[in-house]
Amino acid sequence: TVPSGATIVNSGTATGFGGGKIVQLVTATEATEATFSSASWESHMYATITPTNALNRIVMRYYSPAKTEADGSSSSGRTAIAGLYEGDPAGAGSREWECLYGQDTASSTTSAYPKNYILLVGYYTKIAGTTSATDWHLAAKKNGANSIKLSAEDNASWIELTEIEV
């Protein structure tokens, strides 16, 4: 126990504090608006991390200004989904074995060409499980007669991957 107000001086390396050291930080940014009009998952951007130890923890964060646009008709069901995928979301069989993390859903109203602005923010952590390069994709798809735009109006989206030693 260190008393309040005490000063600790160490001329060597502190040890015995356990894990928590940041091993690496990988970031990716995309500032060009992209429109997704498919009912299938499509990647907007990705970042790749190669963990140094399969037992280390990977912390993933993402941020994207987004908007949905409906087709102007008066029926319902215009939603859009975006999330962070491990691996390519459009790859063969990817939706069968890959999980969607940090899912956000937005719905446009149905008046003439409405726009619903949203801010997608996600955070997820997992044990690396591998020392192979792993891609993390910010992906989107529509549901109904609409579209979703990521990096809306050319505002930057980003993905941040941090490997933490355990």
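Description of the structure in this document. Owing to the predicted nature of the structure, the values given are computational and were not obtained by experimental measurement. (Residues numbered from 1 in each chain as written. Predicted model: local features only at pLDDT ≥ 70, side-chain atom pairs only at ≥ 80, totals over all residues. Heavy atoms only, no water.)

1. Comments concerning the overall build of the chain
At step 1: Looking only at helices and strands, the chain features one helix and 10 strands.
At step 2: Along the chain direction, N to C, the helices and strands of the chain fall in the order β-β-β-β-β-α-β-β-β-β-β.
At step 3: A total of 166 residues make up the chain; the buried ones form 37% of that total.
At step 4: Once local pairs closer than 6 in sequence are excluded, the contacts in the chain between residues at least 24 apart make up 83%.
At step 5: Here the chain has roughly 9,000 Å² of accessible surface; of this, 50% comes from carbon and sulfur atoms. (Helix = DSSP H or I, 4+ residues; strand = E, 2+ residues; numbered from the N terminus. Buried < 20%, exposed > 50% of the residue type's maximum accessible area, 1.4 Å probe, protein only. Contact = heavy atoms within 4.5 Å. Areas by Shrake-Rupley, 256 points an atom, 1.4 Å probe, with all protein chains shown as cover.)

2. Some thoughts on the nonpolar core
The nonpolar side chains of a soluble globular protein tend to be buried, and buried together.
At step 1: Judged by nonpolar contacts, the single largest core of 23 residues is most densely connected at Ile148, Leu150, Ile159 and Leu161.
At step 2: Every element with two or more residues in this core is listed here: β1 (22–30), β2 (34–36), β3 (42–49), β4 (57–70), β5 (79–86), β8 (134–143), β9 (146–150) and β10 (157–164).
At step 3: No other element matches the four residues that β4 contributes to this core.
At step 4: In this structure isoleucine 148 touches Ala34, Thr35, Phe36, Lys67, Thr68, Ala80, Ala82, Ala140 and Lys141, once residues within four positions along its chain are discounted. (Core = buried A, V, L, I, M, F, W, Y, C linked by side-chain atoms within 4.5 Å.)

3. Digging into empty space enclosed by the protein
At step 1: Considering all chains together, one arrives at one cavity of 30 Å³ or more under this definition.
At step 2: Taken as a whole, the largest cavity holds about 50 Å³ of empty space.
At step 3: Those elements that place two or more of their residues in the lining of the largest cavity are β7 (115–127) and β8.
At step 4: Class assignment of the residues belonging to the lining of the largest cavity gives a composition of six nonpolar, two polar and two charged. (1 Å grid on protein atoms, 1.4 Å probe; cavity = no way out; pocket = protein on both sides within 12 Å on 5 of 7 lines; lining within 4 Å. Points joined across faces, edges and corners; volume = space filled by probe spheres on them. Nonpolar A, V, L, I, M, F, W, Y, C, P; charged D, E, K, R; others polar.)

4. Looking at the packing of aromatic side chains
At step 1: All chains considered together, the criterion is met by two aromatic pairs.
At step 2: Taking the centre distance of 5.2 Å and the plane angle of 70 degrees together, the rings of tryptophan 41 and tyrosine 85 count as edge-to-face. You can see tryptophan 41 sitting in the loop between β2 and β3 and its partner tyrosine 85 sitting in strand β5, a full 44 residues away along the chain. The residues tryptophan 41 and tyrosine 85 share a single accessibility class, namely buried.
At step 3: Their ring planes at 10 degrees and their centres at 5.8 Å tell us that tyrosine 63 and tryptophan 158 sit as a pair that is stacked. With tyrosine 63 in strand β4 and tryptophan 158 in strand β10, the pair connects residues that are 95 residues apart, well separated along the chain. (Phe/Tyr/Trp six-rings, centres within 6.5 Å; stacked < 30°, edge-to-face > 60°.)

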